[in-house]
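So you can see what is in the structure, the chains are spelled out below.
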Amino acid sequence: MSVLFGIVGGMTVLFALALGVSSARRVFSWRSSYGVVTGNAETHGRRGRTHYTPVVEFTTRHGEKVSFASSMGTSWQSYRPGQSVKVVYRPEFPEDAEI
């Protein structure tokens, strides 16, 4: 039984480290900008619940206009259209962005 707990614990630590490395890459290699919420995309979960994800438009350092739907959704519209938000994005793929 203790071996099973050790394996599960070890896998949890590895998963947490992988998430930490991914977040660190974003901090050090991604660019930031400010964008404007243009609306909220509505999706329906497996249990029929409605989720809202903000749709944001921003301009990259090179003047390219990009629009994306955040992957961070809530069960209420937490961002208002017209609201200014900070955006981080991958310079080589600006559509890969998050608020």
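Bear in mind the structure is a predicted one, so any value in this text is a computation, not a measurement.

Participant: Give me the environment of T38: which residues, what numbers.
Facilitator: Relative to the elements of secondary structure, T38 occurs in strand β1 (residues 31–44). Looking at T38, the relative accessible area reads 47%, which means it is partly exposed. Between the C-alpha atom of T38 and that of V55, which follows or precedes it by 17 residues, the distance is 5.6 Å. Discounting chain neighbours no more than four positions away, the residues touching T38 are V55, V56, E57 and P81.

Participant: Which residues make up the nonpolar core, and what are the values?
Facilitator: Counting residues in each nonpolar core, the largest one holds nine residues, listed as V37, V56, F58, V66, F68, V85, V87, Y89 and A97. The set of elements that each furnish at least two residues to this core consists of β2 (50–59), β3 (65–69) and β4 (84–90). Among the elements that line this core, the one with the most residues is β4, at three residues. Sequence-distant contacts of Y89, that is, excluding residues within four places in its chain, are made with W30, R31, S32, S33, F58, T60, R61, P94, D96 and A97.

Conventions adopted
- Residues numbered from 1 in each chain as written.
- Predicted model: local features only at pLDDT ≥ 70, side-chain atom pairs only at ≥ 80, totals over all residues.
- Heavy atoms only, no water.
- Helix = DSSP H or I, 4+ residues; strand = E, 2+ residues; numbered from the N terminus.
- Buried < 20%, exposed > 50% of the residue type's maximum accessible area, 1.4 Å probe, protein only.
- Contact = heavy atoms within 4.5 Å.
- Core = buried A, V, L, I, M, F, W, Y, C linked by side-chain atoms within 4.5 Å.

This is a description of form; function is not addressed.
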